[in-house]
2 protein chains.
Amino acid sequence: MAGTDKQQDMLAEGPAIILVEPQLGENIGMVARAMANFGLAELRLVAPRDGWPNEKARASASRADHVIDAATVYETPSEAVADLNFVLATTARPRDNFKPVRGPVEAASDLRSRFAGGQKTGIMFGRERWGLTNEEVALADEIVTFPVNPAFASLNIAQAVLLMSYEWIKTGDQAVTPPEQALAPAQKLHIESLMGYLDNVLDERGYFRTEDKKPKMMENLRALFTRPGFTVEELAVLRGVLTSLEKFSPRNPRGSGAPER
Amino acid sequence: MAGTDKQQDMLAEGPAIILVEPQLGENIGMVARAMANFGLAELRLVAPRDGWPNEKARASASRADHVIDAATVYETPSEAVADLNFVLATTARPRDNFKPVRGPVEAASDLRSRFAGGQKTGIMFGRERWGLTNEEVALADEIVTFPVNPAFASLNIAQAVLLMSYEWIKTGDQAVTPPEQALAPAQKLHIESLMGYLDNVLDERGYFRTEDKKPKMMENLRALFTRPGFTVEELAVLRGVLTSLEKFSPRNPRGSGAPER
């Protein structure tokens, strides 16, 4: 957080804001300004179209320089969320992918509880014109949608970030419910590792049948393993089960010699 | 509401949004867009700097044409609120003028109750650079402020309108508390009429002492008579009392002949 003075640090903790392939520097700047107004400071950019740093972003950030200066850039959404325990995806409407859908109030309250429990969280926002892909939404644990006028739904990313940041600061004085006994969900990199493993072992078994079906099938698998909020320990157990299925068979059980393949 | 199609009318009721001397057409357009997203449609402009209509406003409204087309223009804030029963003023921080200060959630909930009770309401937003004058705030019944980061408070008018519009739509499914038995506050034009009367009768009595003290003294009077939310009937009684003091004296009581002056 270089370039930040002490006073501005006062309110600068909470979920990371993740912009996926933002196009206009002006929008990135407006996002930074919205974040700063409500005490958020961690901005992550996935493949910004016009590169980074971007002087238009700084100009429209209205002196939210501490957010602009601390922004980090990633090549893929997956990398941008790798170290997070819990990720929300914002979408214009619910998607057919089995993820819980929350309103902003409920989502912010949950983020606050997780924050109090020491989890690292983030909120993903999609491109200006068409939002997040299904694959990107699949990286998230839950979905947030905004209660907009169905006859005129036209929130831009800076407005959507503003609303979530605002709901975040509003939870600042809520009686924080003690973090649940359940352990923190694993960081996303553990899920990604599992996905990479599944991709390999299922692909070589012909699980995906045709190449064009594979993306959707992988998306469904990711949703399946993301939804429960598995802990690192649970993922390790799961990985053990899968590896066992992969490497051994009734005829060649573990300890009987070389694995089957 | 010419130019509005049926579907867009679906959500288009609620408080009027009043912009006092907005400077940039782009901001007016962004305000219209924010309103449309959350089902508001009545935009009132007080002396917009670049006149009206304004093509830059339309361009940045992102097809919220029904709001732009229906916008009305006034010369003074007082005229813009004349037909309203209840007015909120948005300010960056509480002012020293004895008006109740609300947060956006509480304010929106109150607006919804008043709406259900048949009152006409409005929310005033000030100029881009320096907000509302104390005199303008004095026209309102209550003040709304936003829970921003004290170290970085830089909401623009479109963002402030967005937040209030969003809080308005959120109250749409609240269990509306039955309107209180109290009658609706008088429309602002009745208060203004009283103020005009007081200005005259007090001025000619030397009440204001010096001209430079008068604006602040009038502002305090306006605050005094606005705060209780007087009904039309109450204002009539009040006016009767004042007129009695003005026109009669113990030596020349009502009915005794010509008034004293």
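Our structure's up above, just so we're on the same page.
None of the values given here were measured: they were computed from a predicted structure.

Peer 1: I would appreciate a short explanation of a nonpolar patch on the surface in the present structure.
Peer 2: Residue and element names in this part refer to chain A. Taken together, the side chains of V237, V241 and L245 define a hydrophobic patch exposed on the protein surface, amounting to about 310 Å² of accessible area. For V237, the location among the structural elements is in helix α11 (residues 232-247). Residue class for V237 comes out exposed when judged on its relative accessible area of 57%.

Peer 1: Before we go on, may I ask you to explain the side chain of E136 of chain B in this structure?
Peer 2: Residues and elements named next belong to chain B. Take E136: it is sitting in helix α7 (residues 134-137). Owing to a relative accessible area of 9%, E136 belongs among the buried residues under this scheme. Not counting the four nearest positions on each side in its chain, E136 is found in contact with V20, P77, M124 and R127.

Peer 1: Is there a simple way to think about the packing of helix α6 (residues 104-116) of chain B against helix α8 (residues 157-170) of chain B in this case?
Peer 2: In helix packing, the relevant descriptors are the interaxial angle and the interaxial distance, both defined with respect to the helix axes. Residues and elements named next belong to chain B. It is the contact of α6 with α8, at a shortest axis distance of 9 Å, that shows an interaxial angle of 55 degrees. Looking at the two axes, α6 sits oblique to α8. Here α6 and α8 pass one another in a crossing that is right-handed. Judged by residue contacts, P104, V105, A107, A108, L111, R112 and F115 of α6 engage M164, E167, W168 and I169 from α8. Across the contact of α6 with α8, the residue classes break down as 9 nonpolar, no polar and 2 charged.

Peer 1: I would appreciate a short explanation of the sheet that holds strand β3 (residues 72-74) of chain A in the present structure.
Peer 2: Paired through backbone hydrogen bonds, the strands of a sheet run either parallel or antiparallel to each other. Taken in spatial order, the 7 strands line up as β3-β2-β1-β6-β4-β7-β5 (chain A) in an open sheet, and their pairing is parallel. Here the strands that pair on one side only, and so sit at the sheet edges, are β3 and β5 (101-102) of chain A.

Basis of the calculations
Within every chain, residues take consecutive numbers counted from 1 along the sequence as written. Chains carry letters and ligands carry numbers; both start at the beginning, A for chains and 1 for ligands, and go up in the order they are written. Whole-chain, interface and lining totals are the exception, using all residues; otherwise, since this is a predicted model, local features are given only for residues with pLDDT of at least 70 and side-chain atom pairs are given and counted only at 80 or more. No hydrogens and no water enter the side-chain calculation; it runs on all heavy atoms of the structure. Patch criteria: residues need more than 30% relative accessible area and no salt bridge. Like-charged residues are merged within 9 Å; nonpolar side chains of Val, Leu, Ile, Met, Phe, Trp and Tyr are merged within 5 Å. Each accessible area value is a Shrake-Rupley result obtained with a 1.4 Å probe; residue values ignore everything except the protein chains displayed when judging cover. The salt bridge criterion pairs a side-chain nitrogen of Lys or Arg with a carboxyl oxygen of Asp or Glu, the two atoms within 4 Å. Counting from the N terminus, the helices are the DSSP runs of H or I reaching at least four residues and the strands are the DSSP runs of E reaching at least two. When a residue's accessible area, from a 1.4 Å probe over protein chains only, is under 20% of the maximum for its type it is buried; when over 50% it is exposed; and in between it is partly exposed. For this analysis, residues touch if any pair of their heavy atoms sits within 4.5 Å. Each axis is a line fitted through C-alpha atoms, and for a helix only the stretch in contact is used; angles between axes span 0 to 180 degrees, taken between their N-to-C directions. Angle categories: roughly parallel below 35 degrees, roughly antiparallel above 145, roughly perpendicular from 65 to 115, and oblique for all the rest. Working rule for handedness: look at the near helix, and if it is turned counterclockwise from the far one by less than a right angle, call the crossing left-handed; if clockwise, right-handed. Ten residue types, Ala, Val, Leu, Ile, Met, Phe, Trp, Tyr, Cys and Pro, are classed as nonpolar, four, Asp, Glu, Lys and Arg, as charged, and the remainder, Gly among them, as polar. In this scheme, strands are said to pair when DSSP sees at least two bridges between them.

Distances and angles like these do not, on their own, reveal function.
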